[in-house]
Amino acid sequence: RPRVLSGIQPTADSFHLGNYLGAVRNWVAMQESHDAYYCVVDLHAITMGHDPAALRQRTRVSAAQLLALGLDPERCTLFVQSHVPEHAQLGWVLSCITGFGEAGRMVQFKDKSAKAADTTTVGLFTYPILQAADILLYQADQVPVGEDQRQHLELTRDLAQRYNTRFGPTFTIPSAYILKDTAKITDLQDPTAKMSKSASSPNGIIELLEDPARSAKKIKSAVTDTGREILYDEENKPGVSNLLTIYAALTTRTIDELLEQYDGRGYGDLKKDLAEIVVDFVKPIQERTRAYLDDPDHLDKVLAIGAEKARAVASVTLAEAYRNIGFLSPA
Ligand code: TYM
């Protein structure tokens, strides 16, 4: 079975619809066909300033949500990044083969550091190198992510190739797995920008754990485009196209089928129906998330088993990487 790894940050009280449709939905599908490793990347969540108690809580809620969304510990390995010390260890080694300029070209770093120049940390700068370590430790063949992670995946491939060339075959070269249709779910209020934990306004983002009535309201007041016809046209009708994308992804209908269904009808009908679909989708997820959170012993156990399984793989890769780069094996 091919190997897959992906990660998600515990930086908000809830995941949003973009996280689910762009990434986690594919994680769930791939646990059936792949040897799958998924982690809550808490090391990545401290690069911009944070509150320790909130981080602890969000890490738990993140794991509970992933289980509620369909990750099955019998079918995949679910773990918390900081439970596997090899991530930080390989991160250091990879930082020593990454060019300063190369890291400085990462668009996400440039965006985030431009917005908070005074508080930008070295950790935010080296963030993508740690992400490369996450992936390479597991010899992942594929990495299911949204479009915004493509550049980080390119860096990961470059680093893996460089390491292999300089120090001998060590890492599998991973590919990004990005499904075009759902690669970029956009902000409901600003449909040319991606839906984002850090950048979207509250009305632009559907949080999986928010009051479903609120989600319904947000869908109904989503910015739509000029004209009245329901068409799929990302250029000229980004708002309606985003709603159609969400609609198709949450049902088993294709965009073409939706266009036929809404032929001659208005934006209001589409929004009203989609609001209902979203509510029906999030309600059971909220219930299951709550149930996992109500049983912290079980959650801890799932994460402990996950960490052990992850370490078994990560430690072998790290030992190999250490050997190849010339570190003396401890006696
Ligand atoms: P994060 O936590 O920002 O997002 C988690 C996943 O959700 C995807 N995503 C979206 N997809 C479609 N439309 C959107 N609007 C949208 N917003 C977010 C992201 O692309 C991502 O797949 N750096 C990563 C976390 C990470 C990681 C890794 C990923 C750390 N190590 C190793 C893969 C492999 C991040 O910040 O994701």
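Above this text sits the structure in question.
Residues numbered from 1 in each chain as written. Predicted model: local features only at pLDDT ≥ 70, side-chain atom pairs only at ≥ 80, totals over all residues. Heavy atoms only, no water.

Student: Give a detailed account of the overall build of the protein, specifying residues and quantitative values.
Tutor: Of the regular secondary structure elements, the protein holds 12 helices and five strands. Since a compact globule built from 331 residues should have a radius of gyration of about 20 Å, the 21 Å found for the protein is in line with a globular shape. If you line up the protein on its principal axes, its C-alpha atoms span 75 × 45 × 40 Å. Sequence separation of 24 or more characterises 75% of the internal contacts of the protein that already satisfy a separation of 6 or more. Counting every atom, the protein has about 15,600 Å² of accessible surface; 52% of that belongs to carbon and sulfur. (Helix = DSSP H or I, 4+ residues; strand = E, 2+ residues; numbered from the N terminus. Rg over C-alpha atoms; globule rule 2.2 N^0.38 Å. Contact = heavy atoms within 4.5 Å. Areas by Shrake-Rupley, 256 points an atom, 1.4 Å probe, with all protein chains shown as cover.)

Student: An account of the pattern of salt bridges is needed here, citing residue identities and associated values.
Tutor: One pass over the full model with this rule turns up 13 salt bridges. Measuring nitrogen to oxygen at the nearest pair gives 2.6 Å for the salt bridge that ties E102 to R162. Of the two residues, E102 sits in helix α4 (residues 100-104) while R162 sits in helix α7 (residues 150-167), which places them 60 residues apart along the sequence. Judged by its relative accessible area of 22%, R162 is partly exposed. (Salt bridge = Lys/Arg side-chain N within 4 Å of Asp/Glu carboxyl O. Buried < 20%, exposed > 50% of the residue type's maximum accessible area, 1.4 Å probe, protein only.)

Student: How would you explain the site of the ligand if you had to name every residue and give the values?
Tutor: Near the ligand, the surroundings consist of 28 residues, among which Y127, D134, G146, D148 and I185 are the closest. Interatomic distance of 2.9 Å between a backbone N/O atom of Q9 and an oxygen atom of the ligand. One of the side-chain N or O atoms of K197 is found 3.3 Å from an oxygen atom in the ligand. Considered on its own, the ligand offers 710 Å² of accessible surface; in the complex 97% of this is hidden by protein. Only β1 (3-8), α1 (17-33) and α6 (122-137) provide two or more residues apiece to the shell around the ligand. Taken together, the residues of the shell around the ligand break down into 11 nonpolar, 12 polar and five charged. (Near = heavy atom within 4 Å. Polar contact = N/O pair within 3.5 Å; in protein donor to acceptor, adjacent residues only side chain to side chain. Nonpolar A, V, L, I, M, F, W, Y, C, P; charged D, E, K, R; others polar.)

Student: A description of the packing of aromatic side chains should follow, citing residues and the corresponding values.
Tutor: Counting across every chain of the model gives 10 aromatic pairs. When the ring of F79 is compared with that of Y138, the centres are 5.6 Å apart and the planes differ by 40°; the resulting orientation is tilted. On the criterion of sequence distance, the pair formed by F79 in strand β3 (residues 76-80) and Y138 in the loop between α6 and β4 (142-144) is long-range, its members being 59 residues apart. With a relative accessible area of 0%, F79 lands in the buried category. For Y138, a relative accessible area of 0% puts it in the buried group. (Phe/Tyr/Trp six-rings, centres within 6.5 Å; stacked < 30°, edge-to-face > 60°.)

Student: I'd like a rundown of α1, residues and numbers included.
Tutor: The end-to-end C-alpha distance of α1, which contains 17 residues, comes to 24 Å, matching closely the 24 Å that a straight helix rising 1.5 Å per residue would cover. If you look at α1, its biggest bend is around 40°, right at A23. The buried count for α1 comes to 13 of 17 residues, which makes it a mostly enclosed element. (Expected span 1.5 Å × (residues − 1). Bend = angle between axes of the 7 residues up to and from the residue.)

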